[in-house]
Amino acid sequence: MSATEVNLRELTPKDLDLLLSIETDPENLLFSGAQSPPTASELIDFLHSKHDLILHEQLRLVIEYRGTAMGFVDLFDVDFKKMKAFVGIIITNEFRQKGIAFQALKELETFARLYKIQCLWAKCQHQNFQSLNLFKKAGFEEVSNNEDFILLRLLL
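Description of the structure in this document. (Residues numbered from 1 in each chain as written. Predicted model: local features only at pLDDT ≥ 70, side-chain atom pairs only at ≥ 80, totals over all residues. Heavy atoms only, no water.)

1. Points about the sheet that holds strand S1 (residues 6–10)
Next up, step 1: Across the sheet, which stays open at both edges, the 7 strands sit in the order S1-S2-S3-S4-S5-S7-S6 with mixed pairing between neighbours. Looking at which strands have only one partner, the edges of the open sheet turn out to be S1 and strand S6 (141–145). Averaged over all pairs of adjacent strands, the angle between strand axes in this sheet comes to 30 degrees, irrespective of strand direction.
Next up, step 2: Two strands pair when backbone bridges link them, and S1 and strand S2 (residues 59–65) are joined in this way by 5 bridges, in the antiparallel orientation. Each bridged residue has a counterpart across the sheet, and for Val6 the counterpart in S2 is Tyr65.
Next up, step 3: The strands touched by helix H1 (residues 16–23) are S2, strand S3 (68–79) and strand S4 (84–91); relative to S3, the strand with the most contacts, the crossing angle is about 70 degrees. (Pairing = 2+ DSSP bridges. Helix = DSSP H or I, 4+ residues; strand = E, 2+ residues; numbered from the N terminus. Axes fitted to C-alpha atoms, helices over the stretch in contact; angles between N-to-C directions. Contact = heavy atoms within 4.5 Å.)

Rendered as structure tokens:
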């Protein structure tokens, strides 16, 4: 999708190990909002299901850096009538703090524009300083701050 060192691509069955490691990491669960980690069987089913942004109003893409998969970026709660979507992003620990997530968000902006999405939203828990800093650096503005989370918005 880009000439940069960071590329976004569709999920394939070879991404199972990365998906398992990220989705079952207790540290990541703190910020995911999930009650419990998905099972391996659920993740296998997910990998083999059809991933269509228009049909399912959500899409997970693999973040690759120099040909190595190291995370995921999600578009979800997509509303094509209001031309908006929420964004989620996760990078494995060893690739954090290297600017990769920032580049991935910039790639996602380009991808979102292809679908005529004009506004991206992100929800971050107050203690998730890395994500808050990432989204703000990427141009997202804080629009709401309540006891549960901070809501950020990027107009495309």
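2. What to know about the pattern of salt bridges
Next up, step 1: Counted under the stated rule, the structure contains 8 salt bridges.
Next up, step 2: The partner of Asp15 in a salt bridge is Arg9, and the shortest N-O contact between them spans 2.7 Å. A single burial state applies to Asp15 and to Arg9, both of which are buried.
Next up, step 3: Where Asp74 meets Arg60, a salt bridge forms, and the shortest distance between an N and an O atom there is 2.7 Å. (Salt bridge = Lys/Arg side-chain N within 4 Å of Asp/Glu carboxyl O. Buried < 20%, exposed > 50% of the residue type's maximum accessible area, 1.4 Å probe, protein only.)

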